[in-house]
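# Report on the structure
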Amino acid sequence: MTKHLVGKADDLPPGSKHIITIGGRSIGVYNIHGAYYALRNLCPHQGAALCSGHTTAFVTSSGPGDFSYECEGEIVRCPWHQWEFDIKTGQMVVDPKMRTMTYDVSVEKYDVSVDEEDRVFVHI
Ligand code: FES
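An account of the accompanying structure is given in this report.

## Regarding a nonpolar patch on the surface
- On the surface, a nonpolar cluster with roughly 340 Å² of combined accessible area is contributed by V59, F67 and Y69.
- Looking at the element boundaries, F67 is found in strand 6 (residues 66-77).

## Notes on the side chain of N41
- Position of N41 among the secondary structure elements: in the loop between strand 4 (35-40) and strand 5 (55-63).
- A distance of 2.6 Å separates a polar atom in the side chain of N41 from the backbone nitrogen of C51.
- If near-sequence neighbours (up to four positions away) are discounted, N41 is found in contact with I19, S26, I27, G28, A48, A49, L50, C51 and S52.

## Quick word on the packing of aromatic side chains
- Applying the stated criterion across every chain, the model contains one aromatic pair.
- Between F67 and Y69 the ring centres are 5.8 Å apart and the planes differ by 85°, which places this aromatic pair in the edge-to-face class.
- In this arrangement the basic side chain of K3 is found over the ring face of F121, its NZ or CZ atom lying 5.0 Å from the centre.

## Re the pattern of salt bridges
- Per the counting criterion, the structure on display carries five salt bridges.
- With its nearest N and O atoms 3.0 Å apart, the salt bridge here joins E84 to R77.
- A relative accessible area of 25% places R77 in the partly exposed class.
- Taking the shortest distance from any N to any O, the salt bridge between K97 and D95 comes out at 3.2 Å.

## Looking at the state of the cysteines
- Evaluation of the coordinates by the stated rule reveals zero disulfides.
- Sulfur of C71: no disulfide; nearest cysteine sulfur belongs to C51 and is 18 Å away.
- C71 sits in the partly exposed class, given a relative accessible area of 38%.

## What to know about the environment of C78
- Among the structural elements, C78 can be located in the loop between strand 6 and strand 7 (84-86).
- Among the residues examined, C78 registers a relative accessible area of 2% and is labelled buried.
- Among residues more than four places away in sequence, those in contact with C78 are C43, A48, L50 and W83.

## Some remarks on the environment of T60
- Relative to the helices and strands, T60 resides in strand 5.
- Put simply, T60 and Q46 are 14 residues apart on the chain and 26 Å apart in space, counted from C-alpha to C-alpha.
- Those residues within four positions of T60 in sequence are excluded, and the remaining contacts are D66, F67, S68 and E70.

What counts, and where the lines are drawn
Residues numbered from 1 in each chain as written. Predicted model: local features only at pLDDT ≥ 70, side-chain atom pairs only at ≥ 80, totals over all residues. Heavy atoms only, no water. Patch = residues over 30% accessible without salt bridge, like charges linked within 9 Å, V, L, I, M, F, W, Y side chains within 5 Å. Areas by Shrake-Rupley, 256 points an atom, 1.4 Å probe, with all protein chains shown as cover. Salt bridge = Lys/Arg side-chain N within 4 Å of Asp/Glu carboxyl O. Helix = DSSP H or I, 4+ residues; strand = E, 2+ residues; numbered from the N terminus. Polar contact = N/O pair within 3.5 Å; in protein donor to acceptor, adjacent residues only side chain to side chain. Contact = heavy atoms within 4.5 Å. Phe/Tyr/Trp six-rings, centres within 6.5 Å; stacked < 30°, edge-to-face > 60°. Lys NZ or Arg CZ within 6 Å of the ring centre and 35° of its normal. Buried < 20%, exposed > 50% of the residue type's maximum accessible area, 1.4 Å probe, protein only. Disulfide = S-S within 2.5 Å.

Printed below as a string of structure tokens:
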């Protein structure tokens, strides 16, 4: 497994995402409430750029007119046919057997001559 620099942690604040290309693979790196996740930018349905879709919440309902939002910022909705995926696991919300690839992410100190800065790395 090789680690690849994504960028400064300060440039990827909570609620943001950054799409990078590593070895020809497009990958979306997300900061969800201060934790980082990386997801293949490829929808398993028909190949859309999944990470270009809206980041949203999981909507639940106990009946007509009643709904609530859960897991705010943890769901990405594919821009082509609106299938939704859990960013943390890569699994489709309504059918967890369907999934896209996920990657490990680490945050490490990076020595920049005088200052140390946190940098985000994806491991492939
Ligand atoms: S290509 Fe993503 S839902 Fe169809």
